[in-house]
Amino acid sequence: MTSQANIPDLSNLWMPFTANRQFKTQPRLLAKAKGMYYTATDGHQVLDGTAGLWCVNAGHGRQEIIDAIANQAAELDYAPSFQLGHADSFRAASAVAKLMPQGLDRIFFTNSGSESVDTALKIALAYHRARGEGQRTRLIGRERGYHGVGFGGISVGGISPNRKTFSGALLPGVDHLSHTHDLSKNAHTRGQPAWGEHFADDLERIIALHDASTIAAVIVEPLAGSTGVLIPPKGYLEKLRAITEKHGILLIFDEVITGFGRLGANTASEHFGITPDIITLAKGISNAAVPAGAVAVKRDVHDTIVGAAATGIEFFHGYTYSAHPLATAAILATLGIYEKDKLFDRAKGLSKTFEDAAHKLEDARHVIDVRNMGLVAGIELQPRPGAPGARAAEVFAKCFDQGLMVRYTGDIIAVSPPLIIEEAQIQEIFQTIESVLKTID
Ligand SMILES: Cc1ncc(COP(=O)(O)O)c(C=O)c1O
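Residues numbered from 1 in each chain as written. Predicted model: local features only at pLDDT ≥ 70, side-chain atom pairs only at ≥ 80, totals over all residues. Heavy atoms only, no water.

Chemist: Any details on the overall build of the protein chain? Residues and values, ideally.
Modeler: Across its full length, the protein chain holds 16 helices and 15 strands. Here the protein chain has a C-alpha radius of gyration of 22 Å; the compact-globule value for 441 residues is 22 Å, and the two agree. For the protein chain, the spread of C-alpha atoms along the principal axes amounts to about 65 × 55 × 45 Å. Considering only contacts within the protein chain whose residues lie at least 6 apart along the sequence, 74% involve residues at least 24 apart. Accessible area of the protein chain: about 18700 Å², with a carbon and sulfur share of 54%. Across the protein chain, the centroid of the 42 positively charged side chains sits 2 Å from that of the 47 negatively charged ones. (Helix = DSSP H or I, 4+ residues; strand = E, 2+ residues; numbered from the N terminus. Rg over C-alpha atoms; globule rule 2.2 N^0.38 Å. Contact = heavy atoms within 4.5 Å. Areas by Shrake-Rupley, 256 points an atom, 1.4 Å probe, with all protein chains shown as cover. Lys, Arg positive; Asp, Glu negative; His and termini not counted. Charge placed at Lys NZ, Arg CZ, Asp CG, Glu CD.)

Printed below as a string of structure tokens:
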């Protein structure tokens, strides 16, 4: 916990996705970060088990990124991105395109995952309209999906607390696939569960109900993160791809957390060998040093929209800070580090050690499931009777006090460290969680 001397007035800041009243009675403030560690304002070191918020893939305080941002701020602090450009915005687009699956080489820059999602949904609508199928406006998401917090993202998203307050204002014409999680069938699976491919058939049901001619796109996280790490069953994503292709529906993979090495490949699309039509990106794209996001789009989708306009602006969408010079500087430096240090190969090489360490928790107190892929693990706890989420919240707080940062959603602990992690630190993460679990009811 943070010592009183270092705590500023906490009253003005309304914190996002935070229990504000509770936090302000027991604040946890971070002061510094370097490599695998945060330092809290009371001076205690915290091992980063979550790459910040799934975003600091190259580790903290990378000098190349710091220099790139500082130099860029001195050289060109800002450039409007509408009807003007700057060279690094094009260079950054080429660098991102190089990491995308073949054909997804048209890149639209945003500032966050939420913006990437809403941009992708708009691209899907614009594409069908440009093809003369403007009646295809329906969007299909999935239960438990997290696609950020824009109105588009919460509409296709499937996390009920994020939706219920705004339920009267969600996008019309959205439907949801069922989620794929069933612990009676796939508890303690290493990697992809063998059971559950049939959940993709739910898409055929939805198509039969609405008719394919009304559906623009299906959006899913190839590996769902924020809801508490749900790994796609074997064959499931393949089936979604086949069904969407058959019906002329665009498939969007939301890779805001899986992009840039999390699964030991450039993207989850590459890892699973499935190519969607659109990929949304953010987080690891800039190592989180500057807010940044992007949408990678199949060339045909891009060309259809851009080619359909008689003249002038082809796509009425964009942000003041699309391809902000500080963001493109950070993106170029970050992608340079990933390549130079071969961090995605490193993540792949560490996956087995990570998996073995995570699954040692299978028999730990309160644990009902351990699941993993790449450098992601979910540890699901038996909820405390009458107090769902309380147990995981306590694990989070105690881990932090003991020098480990984890995430939790409901009663699921998520672990997703920077890709620079050492083997001993992997062991430390899961040993700390295990010892904390022993101390709580
Ligand atoms: C899959 C996915 N999509 C979108 C988002 C939203 O990103 P942001 O918080 O940058 O808007 C997130 C954030 O965790 C995410 O995990």
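Now that the structure has been shown, we can carry on.
Chemist: Explain the site of the ligand to me, and be specific about the residues and the numbers.
Modeler: The environment of the ligand is made up of Ser112, Gly113, Ser114, Tyr146, His147, Gly148, Glu221, Ser226, Asp254, Val256, Ile257 and Lys283. In the model, a nitrogen atom of the ligand is placed 2.7 Å from a nitrogen or oxygen of the Asp254 side chain. Its residues assigned to classes, the shell around the ligand comprises 3 nonpolar, 6 polar and 3 charged. (Near = heavy atom within 4 Å. Polar contact = N/O pair within 3.5 Å; in protein donor to acceptor, adjacent residues only side chain to side chain. Nonpolar A, V, L, I, M, F, W, Y, C, P; charged D, E, K, R; others polar.)

Chemist: Help me get a handle on the sheet that holds strand β15 (residues 412-415), residues and values and all.
Modeler: In any sheet, the strands associate via hydrogen bonds between backbone groups, in a parallel or an antiparallel arrangement. Judged by pairing direction, the sheet is antiparallel, and its 4 strands sit side by side in the order β11-β12-β15-β14 without closing on themselves. Sheet topology places β11 (367-373) and β14 (407-409) at the edges, where each strand pairs with a single neighbour. The average undirected angle you get between the axes of adjacent strands in this sheet is 20°. Packed on one face of the sheet, helix α14 (residues 343-359) meets β11, β12 (376-381) and β15 and runs near 175° to β11. (Pairing = 2+ DSSP bridges. Axes fitted to C-alpha atoms, helices over the stretch in contact; angles between N-to-C directions.)

Chemist: So what's going on with the nonpolar core? Residues and values would help.
Modeler: Within the largest apolar cluster, 94 residues are counted, with the highest numbers of intra-cluster contacts made by Phe109, Phe430 and Ile433. Broken down by element, the residue count for this core peaks at 8 residues, all from helix α13 (residues 325-340). Ranked by size, the runner-up nonpolar core spans 20 residues in total, among them Val117, Ile219, Ile278 and Phe315. (Core = buried A, V, L, I, M, F, W, Y, C linked by side-chain atoms within 4.5 Å. Buried < 20%, exposed > 50% of the residue type's maximum accessible area, 1.4 Å probe, protein only.)

Chemist: Report on helix α10 (residues 236-246), specifying residues and quantitative values.
Modeler: Within the sequence span of α10, burial applies to Tyr236, Leu237, Leu240, Arg241, Ile243 and Thr244. Looking at the packing, one finds that the buried side of α10 touches β5 (138-142), β6 (174-177), α9 (201-210), β7 (215-220), β8 (250-254) and α11 (268-272). A positive backbone phi angle near 70° is found at Gly248, which sits one or two residues after α10.

Chemist: Could you give an account of the sheet that holds strand β1 (residues 30-34), with specific residues and numbers?
Modeler: Spatially, the 4 strands line up as an open sheet ordered β1-β2-β3-β13, and their pairing is mixed. Looking at the sheet topology across the chains shown, the edges are occupied by β1 and β13 (404-405).

Chemist: Residue-level account of the state of the cysteines, with values.
Modeler: By the definition in use, this model includes 0 disulfides. For Cys55, which is in no disulfide, the shortest distance to another cysteine sulfur is to Cys399 and amounts to 19 Å. (Disulfide = S-S within 2.5 Å.)

Chemist: Can you break down the pairing of strand β3 (residues 45-48) residue by residue, with the values?
Modeler: One face of the sheet, then the other: side chains in a regular strand alternate in exactly this way. Where strand β2 (residues 37-40) and β3 come together, 3 bridges link them in antiparallel fashion. The residue of β3 that forms the bridge with Thr39 is Gln45. The turn joining β2 and β3, which pair antiparallel and follow one another in sequence, is formed by 4 residues; a positive phi near 95° is taken by Gly43. Note that β3 and β13 share 2 bridges and pair parallel. Residue pairing in the sheet places Leu47 in a bridge with Leu404 of β13.

Chemist: Now, about helix α3 (residues 63-75): what can you tell me, with residues and values included?
Modeler: For α3, which comprises 13 residues, the first-to-last C-alpha distance of 18 Å matches the rise-based estimate of 18 Å (1.5 Å per residue) to within 8%. Those residues of α3 that fall on the buried side of the exposure criterion are Ile65, Ala68, Ile69 and Gln72. Buried residues along α3 cover an arc of 95° about the axis, so they all sit on one side. Of the exposed residues in α3, those oriented more than 90 degrees away from the buried face are Asn71 and Ala74. (Expected span 1.5 Å × (residues − 1). Arc of directions from axis to C-beta.)

Chemist: Tell me about the pairing of β2, residues and numbers included.
Modeler: Note that β1 and β2 share 4 bridges and pair antiparallel. Looking at the pairing, Lys32 lines up with Thr39 of β2. The turn linking β1 back onto β2 is made up of 2 residues, and Gly35 within it adopts a positive phi angle of 60°.

Chemist: Can you explain the packing of aromatic side chains? Please cite residues and give values.
Modeler: Taken as a whole, this structure holds 8 aromatic pairs when the rule is applied. When the ring of Phe396 is compared with that of Tyr408, the centres are 5.4 Å apart and the planes differ by 40°; the resulting orientation is tilted. With Phe396 in helix α15 (residues 390-401) and Tyr408 in strand β14, this residue pair connects regions lying 12 residues apart in the sequence. Looking at Tyr408, the relative accessible area reads 31%, which means it is partly exposed. In this structure an aromatic cluster arises from ring pairing among Phe260, Tyr338 and Phe344. (Phe/Tyr/Trp six-rings, centres within 6.5 Å; stacked < 30°, edge-to-face > 60°.)

Chemist: So what's going on with the pattern of salt bridges? Residues and values would help.
Modeler: Applying the stated criterion to the full structure yields 23 salt bridges. For the salt bridge of Arg190 with Glu355, the shortest nitrogen-to-oxygen distance reads 3.4 Å. Here Arg190, found in the loop between α8 (183-186) and α9, pairs with Glu355, found in helix α14; they are 165 residues apart in sequence, far enough to count as distant. By relative accessible area, Arg190 is classed as partly exposed at 41%. Here Asp369 ties to Arg371 by a salt bridge, and the two come within 2.6 Å at their closest N and O atoms. Salt bridges here are not isolated pairs; linked through shared partners, they connect Arg62, Glu64, Lys340 and Asp341. (Salt bridge = Lys/Arg side-chain N within 4 Å of Asp/Glu carboxyl O.)

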